[in-house]
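As a plain string of letters, each chain reads:
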Amino acid sequence: MLLVTYGCNLHCVYCYEPKQVQKQMSFDMAKKTLLRQIQALGNEYTEFDVQFMGGEPMMVFPLLKSISEWLWQQHFNQKLRQIFAVTNGTLIDETNIVWLEQNKDRFCLGLSFDGNRLMQDLNRSSSAARVDLDFFAKLWPNQTVKLTISPQTLSSLSDGVKFLHEAGFSSITADLAMGKHVTWNKEHLKVLNTQLHLLMEYYLANPNLHPFSMLDICIEDVMTSNRLRQKNCSCGEDLVCIDCDGIEYACHLFSPVAISIEEAREIKAHVDFHDHASFISPTCEKCLLHSICTICPGMNYISNHDISKQSTFTCQSFKVIFFANCEYRLLLAERDKNVAMRKRIEKIVKLIVK
């Protein structure tokens, strides 16, 4: 992961990036960093990905273009699986659209768009009209679109997911906004539950659609016998983030784009990202949902200054999502007259609520 710029042209209501410093990676730094990282891989990895991160990476599109074309010319390009960048989608124009279309099979943009147009406007600087959804849906039809749910938009979650499906996106992932500037309460749990039930009805009525991420959890994994203390992401291990000045961090959430330079240095110096036990709190370790819980150590730190500690709302909201998945799977079993599935899900529910 290359942090190519700290700059961004939007001011999202939930943004955890302070935008107090403007930095941009140079082409020479990118080449030097990539060569160092790829050489360090040796024969241990048969393939690798390169991801551009910001800020908003498309603010420095000429740099993305130069790095990508340089990578494609290198002798190690047969190991390069994908070049990818997350974007808010507002900067697609005549300066980049032809190149993106020509290279769509080897350069992918992942769109972040927060539901329907009103939700997008509420969360993301009234930017809905500046995003060509049709361009993204047609150019990268299998690419996941990501929506972030804020307290202001939660009550429209079902409408937002439906809108994105109708706009042509088959794969949708959603996360609840977290961070120091985001405030959730118990009433939001009720709203979340209501919205998930509305989406259950929608997917049951549209079996050709793949459910969005919150209704697509592999709940069977709670039955696994493997209860090892593990963090559930590869930050600091298979994933490495390189800042604009070439310094390595475990991921962008542990870099100065998201936290202070002092905090980033402290974590880099004292946290062993290979020691998975240090990322799991004693409370989480005892929870039967731990093996499927989407704990993010970076967001834990941003929210609580503790890599192992989730917020209470994060924990409670995941339980709502888990039981919604159980109910949805039971409805699918009833619809399909799948007795084996029904018994399997009932067994899981009994294990959790006993």
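Values in this document were obtained by computation on a predicted structure and should not be read as measured data.

Chemist: Whenever I open this one, the pairing of strand S6 (residues 172-176) confuses me. Can you help?
Modeler: Along a regular strand, successive side chains alternate from one face of the sheet to the other. Where burial is concerned, the two faces of S6 differ: the one with Ile172, Ala174 and Leu176 is buried and the one with Thr173 and Asp175 is not. Read as a crossover between parallel neighbours, the route from strand S5 (residues 145-149) over helix H6 (residues 157-166) to S6 is right-handed.

Chemist: I tried to follow H6 on my own but got confused; where do I start?
Modeler: Since the α-helix packs 3.6 residues into each turn, any two residues three or four apart lie on the same face. Within the sequence span of H6, burial applies to Leu157, Ser158, Gly160, Val161, Leu164 and His165. What you see down the axis of H6 is that its buried residues fit within an arc of 165°, all on one side. Tucked inside the fold, the buried residues of H6 contact helix H4 (117-123), S5, S6 and helix H7 (186-205). One or two positions beyond H6, positive phi appears at Gly168, with a value near 110°.

Chemist: Where do I start with the nonpolar core in this structure?
Modeler: Side chains of nonpolar character tend, in soluble globular proteins, to be buried together. If you look at the biggest cluster of nonpolar residues, it comprises 113 residues, and the most contacted ones within it are Phe52, Leu71, Leu100, Phe107, Phe212, Met214 and Phe322. Broken down by element, the residue count for this core peaks at ten residues, all from helix H11 (residues 312-336). Residues within four places of Phe212 in sequence aside, it is in contact with Leu157, Val161, Ile172, Ala174, Leu196, Leu199 and Tyr203.

Chemist: Got a minute to help me understand the environment of Arg81 in this structure?
Modeler: Mapped onto the fold, Arg81 is located in strand S3 (residues 80-87). Non-local contacts of Arg81, meaning those with residues more than four positions away in its chain, are made with Glu47, Phe48 and Asp49. Within the local environment of Arg81, its side chain forms a polar contact with the side chain of Asp49, the two groups lying 2.4 Å apart.

Chemist: Explain the packing of H6 against H7 here, please?
Modeler: The geometry of a pair of packed helices is captured by two quantities: the angle between their axes and the separation between those axes. Interaxial distance between H6 and H7 falls to 8 Å at its minimum, and their mutual angle equals 35°. Contacts between H6 and H7 involve Leu157, Ser158, Val161, Lys162 and His165 from the former and Leu192, Gln195, Leu198, Leu199, Tyr202 and Tyr203 from the latter. Grouping the constituent residues of the contact of H6 with H7 by class yields seven nonpolar, three polar and one charged.

Chemist: When you look at the pattern of salt bridges in this model, what are you seeing that I'm missing?
Modeler: It is possible for side chains bearing opposite charge to pair when their charged atoms get close. What the rule picks out here adds up to 15 salt bridges. Linking Arg81 and Glu47 is a salt bridge whose minimum nitrogen-to-oxygen distance equals 3.7 Å. Here Arg81, found in strand S3, pairs with Glu47, found in the loop between helix H1 (27-41) and strand S2 (48-53); they are 34 residues apart in sequence, far enough to count as distant. With a closest N to O distance of 2.3 Å, Arg329 and Glu220 form a salt bridge. Of this pair, Arg329 sits in helix H11 while Glu220 is found in the loop between H7 and strand S7 (241-242), placing the two residues 109 residues apart along the sequence. Owing to a relative accessible area of 16%, Arg329 belongs among the buried residues under this scheme. Each of Lys23, Asp243 and Asp245 takes part in salt bridges that share partners, so that together they form one network.

Chemist: Teacher, can you tell me more about the environment of His274 here?
Modeler: Relative to the elements of secondary structure, His274 occurs in the loop between helix H8 (261-270) and helix H9 (282-286). A sequence separation of 37 residues divides His274 from Glu237, and the C-alpha atoms of the two residues are 6.8 Å apart. Filtering out sequence-adjacent residues up to four positions away, His274 remains in contact with Gly236 and Glu237.

Chemist: I keep staring at empty space enclosed by the protein and nothing clicks. Help me out?
Modeler: If a probe the size of a water molecule is rolled over the atoms, the empty space left behind becomes visible. Enumeration according to the criterion identifies one cavity of 30 Å³ or more in this entry. Roughly 40 Å³ of internal volume is contained in the largest cavity. For the largest cavity, the full set of lining residues is Leu109, Gly110, Leu111, Phe136, Trp140, Gln143, Thr144, Val145 and Phe169. Counting residues per element, the lining of the largest cavity draws most heavily on strand S4 (residues 107-111), which supplies three residues. In the lining of the largest cavity, the residues fall into six nonpolar, three polar and no charged.

Chemist: Which parts of the structure should I look at to understand H11?
Modeler: The first and last C-alpha atoms of H11 sit 36 Å apart over 25 residues, in line with the 36 Å expected at 1.5 Å per residue. Two residues or fewer after H11 comes Lys337, characterised by a positive phi angle close to 55°.

Reading the values: rules and limits
Residues numbered from 1 in each chain as written. Predicted model: local features only at pLDDT ≥ 70, side-chain atom pairs only at ≥ 80, totals over all residues. Heavy atoms only, no water. Buried < 20%, exposed > 50% of the residue type's maximum accessible area, 1.4 Å probe, protein only. Helix = DSSP H or I, 4+ residues; strand = E, 2+ residues; numbered from the N terminus. Right-handed = clockwise from strand over helix to strand, strands pointing away. Arc of directions from axis to C-beta. Contact = heavy atoms within 4.5 Å. Core = buried A, V, L, I, M, F, W, Y, C linked by side-chain atoms within 4.5 Å. Polar contact = N/O pair within 3.5 Å; in protein donor to acceptor, adjacent residues only side chain to side chain. Axes fitted to C-alpha atoms, helices over the stretch in contact; angles between N-to-C directions. Nonpolar A, V, L, I, M, F, W, Y, C, P; charged D, E, K, R; others polar. Salt bridge = Lys/Arg side-chain N within 4 Å of Asp/Glu carboxyl O. 1 Å grid on protein atoms, 1.4 Å probe; cavity = no way out; pocket = protein on both sides within 12 Å on 5 of 7 lines; lining within 4 Å. Points joined across faces, edges and corners; volume = space filled by probe spheres on them. Expected span 1.5 Å × (residues − 1).

So, to be careful, I would describe these as geometric facts and stop short of saying anything about function.
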